[in-house]
Amino acid sequence: MPFGLLDALQQPLQATRRARQHPRSIVVIKPCCLGDLIMTTPLLEVIRQNYPEARITYIAGSWSKVIVEHQPIVDQVIDCGSVGIAGRYRLSEYFVLARQLRRHHFDLAFVLDRSPMLTLLPWFAGVPRRVGPDSQGRGFSLTDRVPVSTTPTQLQHQAEIYLDLARALGLTIDHPRMHFEPTSAEREVIRRSSHPQIAVFPGGGSNPGMELTAKRWPLERYRQLVYRLVHELDADVLLIGGPDDTALTHALIDGLDVPTGKVVDLAGTLSFGQLAAQLEACSLFIGNDSSPMHLAAAVNIPVIAIFGPTSPQEYGPYPPDDPKHIAIWHHPTGQPCFFLGKMRECHNCTCMQAVSVDEVWSTAQRLIASPHNSEARS
């Protein structure tokens, strides 16, 4: 009620009407993190289709802005630094950002974060219409508060939560997908082969402000799987990851009996855009719940995603009904240990161990042979 009264006092009627009927300038706010931003791209597609003449600005953090910098439908990206990452920014930085946004005179804001500080940001910036998820009442400053489940028994994919904001506005939604568009320069530097190239990612679980290495499938099982991919499928295996994953990839290769050149360690050698271009040239991605997994789905290649404390119902490759997307999850309770941004106490930590090498191997064989994967990637 207080925010509604303040809006009525501060916002001219003409600005409010334009924000509801024909917004000309739209801001999307989601500072972190890489995988989360990839999952916002279906909503970006919907916004552009419904508001073809509007200018779309995206507020993203320094860590994750690379995602929206590779979205042709976004007109402008504003780097908010570390604002939005709990404990990483000063209040003065927050208000500097709010003043910067106010100068843009946005008509409509989509706040894709549940933090009350971020839902307040477009109010401080004077945006007349503010749409976002209302999780546990934290969307109190929004003009359009969209309910979100807060129980692990009613799980919803993150991309669908974002799309619910479009549904709340009555926007047309037509089978949106995740997107990432590498540049031509990024595509020029990738590795190509006459053999099937399979990307394997043994890392994950590392983001600003959070470490969740429990999401990693055992390294020895990755080693066994890579051995079979090379010897039984004659595939070239590309080990991918960031600089922090090099110790993992080196340990995976150590003692692996494969012909020289059949396993290539690319961890720490590619930019995120180059990684996307390399994934485009692969026949399959296999890895943990992670931003590279979402990136593989965003460039539309087959994906095998191995899940443990997180649930594929929330974080799986999107869209989940794509036959090229396989999420393997054997949680003993059917409810994720990681929920609402927090890791709950686990009394039966068997979920990652329950995924066998044979199960992943048979799934890989099926996807490689599938007619959905018949397009040559060489």
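Here, every reference points to the structure presented above.
Every chain's residues receive numbers from 1 upward, in the order its sequence appears when written. For this predicted model, a pLDDT threshold of at least 70 governs which residues receive local features, and a threshold of 80 or more governs which side-chain atom pairs are given and counted, while totals over whole chains, interfaces and linings are taken from all residues. Side-chain measures here rest on the full set of heavy atoms in the structure, leaving out hydrogens and waters.

Q: Quick one: what's the story with the overall build of the protein, residue by residue and with numbers?
A: Runs of E in the DSSP output that reach at least two residues are strands. Runs of H or I that reach at least four are helices, and both are numbered from the N terminus. The helix and strand inventory of the protein stands at 15 helices and 16 strands. A burial count over the protein gives 55% of its 378 residues as buried. Two residues form a contact once any of their heavy atoms are found within 4.5 Å. In the protein, of all internal contacts separated by at least 6 residues, the share reaching a separation of at least 24 is 65%. Calculation of accessible area relied on Shrake-Rupley with a 1.4 Å probe; when residues are assessed, cover is drawn exclusively from the protein chains displayed. Here the protein has roughly 16,300 Å² of accessible surface; of this, 51% comes from carbon and sulfur atoms. To sort residues, take the accessible area from a 1.4 Å probe on protein chains only and compare it with the maximum for the residue type: under 20% means buried, over 50% means exposed, and anything in between is partly exposed.

Q: Residue-level account of the side chain of aspartate 144, with values.
A: Structurally, aspartate 144 is set in strand 6 (residues 144–147). The buried category is assigned to aspartate 144, whose relative accessible area is 13%. Counting of polar contacts relies on pairs of N or O atoms within 3.5 Å, with two restrictions inside protein: one atom must be capable of donating a hydrogen and the other of accepting it, and residues adjacent in sequence are counted only when both atoms are side-chain atoms. Side-chain polar atoms of aspartate 144 contact the side chain of threonine 143, separated by 2.8 Å.

Q: Tell me what's going on with helix 12 (residues 272–280), and back it up with residues and numbers.
A: With respect to burial, helix 12 is a largely interior element, seven of its nine residues being buried. Turning to helix 12, its buried residues number three or more, namely Phe272, Gly273, Leu275, Ala276, Ala277, Gln278 and Leu279.

Q: Describe in detail the state of the cysteines, supporting the description with residues and values.
A: Here, two cysteine sulfur atoms that lie within 2.5 Å of each other are counted as a disulfide. This model, assessed by the stated rule, comprises one disulfide. Bridging cysteine 32 to cysteine 33, the disulfide has an S-S length of 1.8 Å. As the torsion about the S-S bond is roughly 70°, the cysteine 32-cysteine 33 disulfide counts as right-handed. The exposure class assigned to cysteine 33 is buried, which follows from its relative accessible area of 10%.

Q: For the sheet that holds strand 13 (residues 303–306), give the residues involved together with the corresponding values.
A: Within the open sheet, the six strands sit side by side as 11-10-7-12-13-14. Their pairing is parallel. Each edge of the open sheet is held by one strand with a lone partner, namely strand 11 (263–265) and strand 14 (325–328). In this sheet, neighbouring strand axes are inclined to one another by 15° on average, regardless of whether the strands run parallel or antiparallel. For two strands to pair, DSSP has to find at least two bridges joining them. Direction of pairing for strand 13 relative to strand 14: parallel, over a ladder of four bridges. Of the residues in strand 14, the one forming a bridge with valine 303 is histidine 325. The sheet contacts of helix 11 (residues 246–253) involve strand 10 (236–239) and strand 11, and relative to strand 11 the element is tilted by about 155°. In this analysis an axis means a line fitted to C-alpha atoms, helices contributing only their contacting stretch, and an angle means the value between N-to-C directions, from 0 to 180 degrees.

Q: Explain the packing of helix 10 (residues 219–233) against helix 11 to me, and be specific about the residues and the numbers.
A: Think of two packed helices as two axes; the pair is described by the angle between the axes and how far apart they sit. Across the interface, helix 10 lies against helix 11 with an axial gap of 9 Å and an inter-helix angle of 55°. On the basis of the axis angle, helix 10 is oblique to helix 11. Helix-helix and strand crossings are classified by hand; for helix 10 and helix 11 the assignment is right-handed. Seen from helix 10, the contacting residues are Leu219, Tyr222, Arg223 and Val226; seen from helix 11, they are Leu248, Ala251 and Leu252. Each residue is assigned to one class: nonpolar for Ala, Val, Leu, Ile, Met, Phe, Trp, Tyr, Cys and Pro, charged for Asp, Glu, Lys and Arg, and polar for all the others, Gly among them. Split by residue class, the contact of helix 10 with helix 11 holds six nonpolar, no polar and one charged. Oblique is the label for any angle not covered by the other classes, which are roughly parallel (under 35 degrees), roughly antiparallel (over 145) and roughly perpendicular (65 to 115). Whether a crossing is left-handed or right-handed is set by the direction in which the near helix is turned from the far one by less than a right angle, anticlockwise for left-handed and clockwise for right-handed.

Q: Explain the packing of aromatic side chains residue by residue, including any values.
A: Ring pairs shown here join Phe, Tyr and Trp side chains whose ring centres sit within 6.5 Å, with only the six-membered ring taken for Trp; geometry is labelled stacked below 30 degrees between planes, edge-to-face above 60, and tilted in between. Counted according to the given criterion, the structure contains seven aromatic pairs. On the numbers, 5.2 Å between centres and 90° between planes, the contact of tyrosine 94 with phenylalanine 95 is edge-to-face. Residue classification places tyrosine 94 among the buried residues on the basis of a relative accessible area of 0%. Classification of phenylalanine 95 by relative accessible area gives partly exposed; the value is 30%. Considering the side-chain rings of phenylalanine 180 and phenylalanine 272, the 6.0 Å spacing of their centres and the 75° angle between planes classify their relative orientation as edge-to-face. Of the two residues, phenylalanine 180 is situated in the loop between helix 8 (158–168) and helix 9 (184–188) and phenylalanine 272 in helix 12; the sequence distance between them amounts to 92 residues. When sorted by exposure, phenylalanine 180 lands in the same class as phenylalanine 272, which is buried. Each residue in the set Tyr89, Tyr94, Phe95, Trp123 and Phe124 is aromatic and connected to the rest through ring pairs, giving one cluster.

Q: Just give me the short version of the packing of helix 4 (residues 41–50) against helix 8, but keep the residues and values in it.
A: It is at 8 Å that the axes of helix 4 and helix 8 come closest, and there the two elements cross at 20°. Here helix 8 runs roughly parallel to helix 4, going by the angle between their axes. Judged by the sense of rotation from one axis to the other, the crossing of helix 4 with helix 8 is right-handed. Counting all contacts with helix 4, which are made through Pro42, Leu43 and Val46, the residues of helix 8 involved are Ala159, Tyr162, Leu163 and Ala166. For the contact of helix 4 with helix 8, the residue count by class is seven nonpolar, no polar and no charged.

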